[in-house]
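# A look at the structure
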Amino acid sequence: MDDPDQAGRHTPPTKLRNAWFFRPFEFFVEMYGLPNYDETDVTAFVAVTFTVLFGIMFGDVGQGLVLTAFSLFMWKVKKNPLFHLMIPCGIASTLAGFVYGSVFGFEDVLDPLYLAAGLPDKPVSVMESINGILLFAVYIGVLLVLAAMGMNIYTKAKQGHTGDVLFGTNGVVGVITYVAGVDLVSAFMGATVFMPVPLAAVLLVLGLAALLFAGVLAPLFNGEPDWMPAEGWGGYLMQNVFELLESVLSYLSNTISFLRVGAFVIVHASMMMVVFTLAGEPANPVVVVLGNLVVIALEALLSAIQGIRLEFYEMFSRFYQGGGHKFRALDLKDKASSLSGDAS
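Just so we're clear, the structure is a prediction, and the values are computed from it rather than from any experiment. (Residues numbered from 1 in each chain as written. Predicted model: local features only at pLDDT ≥ 70, side-chain atom pairs only at ≥ 80, totals over all residues. Heavy atoms only, no water.)

To continue, consider the layout of surface pockets. Size it by volume and the largest pocket reaches roughly 750 Å³. Contributing to the lining of the largest pocket are 31 residues, with Asn152, Gly168, Thr169, Asn170 and Arg318 lying nearest its centre. Listing elements by their share of the lining of the largest pocket, those giving two or more residues are helix H7 (130–159), helix H8 (162–167), helix H10 (197–212), helix H11 (214–221), helix H12 (232–256) and helix H14 (285–319). Take the lining of the largest pocket: its biggest share by element is eight residues, from H12. The residue makeup of the lining of the largest pocket, split by class, is nine nonpolar, 15 polar and seven charged. The calculated volume of the second largest pocket comes to roughly 560 Å³. (1 Å grid on protein atoms, 1.4 Å probe; cavity = no way out; pocket = protein on both sides within 12 Å on 5 of 7 lines; lining within 4 Å. Points joined across faces, edges and corners; volume = space filled by probe spheres on them. Helix = DSSP H or I, 4+ residues; strand = E, 2+ residues; numbered from the N terminus. Nonpolar A, V, L, I, M, F, W, Y, C, P; charged D, E, K, R; others polar.)

Secondary-structure assignment places serine 303 in helix H14. Each C-alpha atom, one on serine 303 and one on histidine 268, is 9.8 Å from the other, the two residues being 35 residues apart in sequence. If we ignore the near neighbours within four places in the chain, the residues touching serine 303 are Phe54, Met57 and Phe58. (Contact = heavy atoms within 4.5 Å.)

A complete count under the given rule lists one cavity of 30 Å³ or more for this structure. By volume, the largest cavity is sized at about 70 Å³. For the lining of the largest cavity, the element with the most residues is helix H13 (residues 259–279), which contributes four residues. For the lining of the largest cavity, a count of residues per class yields six nonpolar, three polar and one charged.

At a minimum axis separation of 8 Å, H7 and H12 run at an interaxial angle of 125°. It follows that H7 is oblique to H12 by the angle criterion. On the side of H7, the interface is formed by Val138, Val142, Val145 and Met149, while H12 contributes Tyr251, Asn254 and Thr255. A class-by-class count of the residues in the contact of H7 with H12 yields five nonpolar, two polar and no charged. (Axes fitted to C-alpha atoms, helices over the stretch in contact; angles between N-to-C directions. Parallel < 35°, antiparallel > 145°, perpendicular 65-115°, else oblique.)

Each pair of aromatic rings is reported with the distance of its centres and the angle of its planes. Evaluated as defined, the whole model comprises 19 aromatic pairs. Here phenylalanine 70 and phenylalanine 83 contribute two aromatic rings whose centre-to-centre distance is 6.0 Å and whose plane-to-plane angle is 80°, an arrangement assigned as edge-to-face. Of the two residues, phenylalanine 70 is situated in helix H4 (residues 61–78) and phenylalanine 83 in helix H5 (residues 81–100); the sequence distance between them amounts to 13 residues. Among the aromatic residues, those joined into a ring-pair cluster are Phe25, Phe27, Phe28, Phe50, Phe54 and Phe58. (Phe/Tyr/Trp six-rings, centres within 6.5 Å; stacked < 30°, edge-to-face > 60°.)

Our focus in this paragraph is a nonpolar patch on the surface. A cluster of nonpolar side chains, Val66, Phe104, Phe106 and Val109, forms an exposed patch at the surface whose accessible area comes to about 300 Å². Counting through the fold element by element, valine 109 comes out in the loop between H5 and helix H6 (111–116). On the basis of relative accessible area, valine 109 is assigned to the partly exposed category, the value being 47%. (Patch = residues over 30% accessible without salt bridge, like charges linked within 9 Å, V, L, I, M, F, W, Y side chains within 5 Å. Areas by Shrake-Rupley, 256 points an atom, 1.4 Å probe, with all protein chains shown as cover. Salt bridge = Lys/Arg side-chain N within 4 Å of Asp/Glu carboxyl O. Buried < 20%, exposed > 50% of the residue type's maximum accessible area, 1.4 Å probe, protein only.)

Written as structure tokens, this is what we have:
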């Protein structure tokens, strides 16, 4: 028996319910930790974002089809959920391959298709669009960080934490501060801006000030009686200045981390260039086949690892705790069999 003081707060167990096309990604959610009873199930969010990110990093029509077929076969044989979730990822990779114009590393095979569709060339030539791909990856990061903040606002609102919804680092004030900061950085880099620069500067200053005093404003709006800083205003300001700096750095680091998406697009194309260099001219078919197999295995592993990292560290850290415990139904027949076996 556990001492009551050691037992902690008991909460109902969690049983996830998702549509069949989202269900395989419960594997990742359980890996991180099931949602608490009052949290939001993030399975659908993970399914969409991970599949898109994987497809962008692993874009190749032929290799995507091979990955899909292999994952489908292994799922039928082994029933491993990891292979199950790789099936939609392989399909996403195939679709991204049509954008890059790559089929097993051959860059010109789909040119007749583009001409028939009225396009002068493939939509994206990877090795000729490196800067654009990296910038696109950063904008993906901006959108997904904002999506994670939106999930946090929804969860906190469902839990009734009005102060955190308004003044949290990942609440409404956090969103305004982040968007204003992105706009100013975009203006400095000569990229697309979302609002006038003076307006972005004013919103950034006001947002930072609100975040600095969020430790007072949030409990005040939550209706907590002890909203005044216990350590005094001097101690409060000293502590929260550093916390504000940490929040700003997390905005920056989380966004820049998505550069790895664009980097892996370039790495994938570069690895195939190495394969064709080793294959010689004319290309040795054995080297091309073996090279494709190596790239498929290596890139699938690396893209999956990077996708999981972006999910867990860059997005989950903003809105998800995952401290729930799984609901396990009691099977009376098996229990009775076990007891009878022990008794015998």
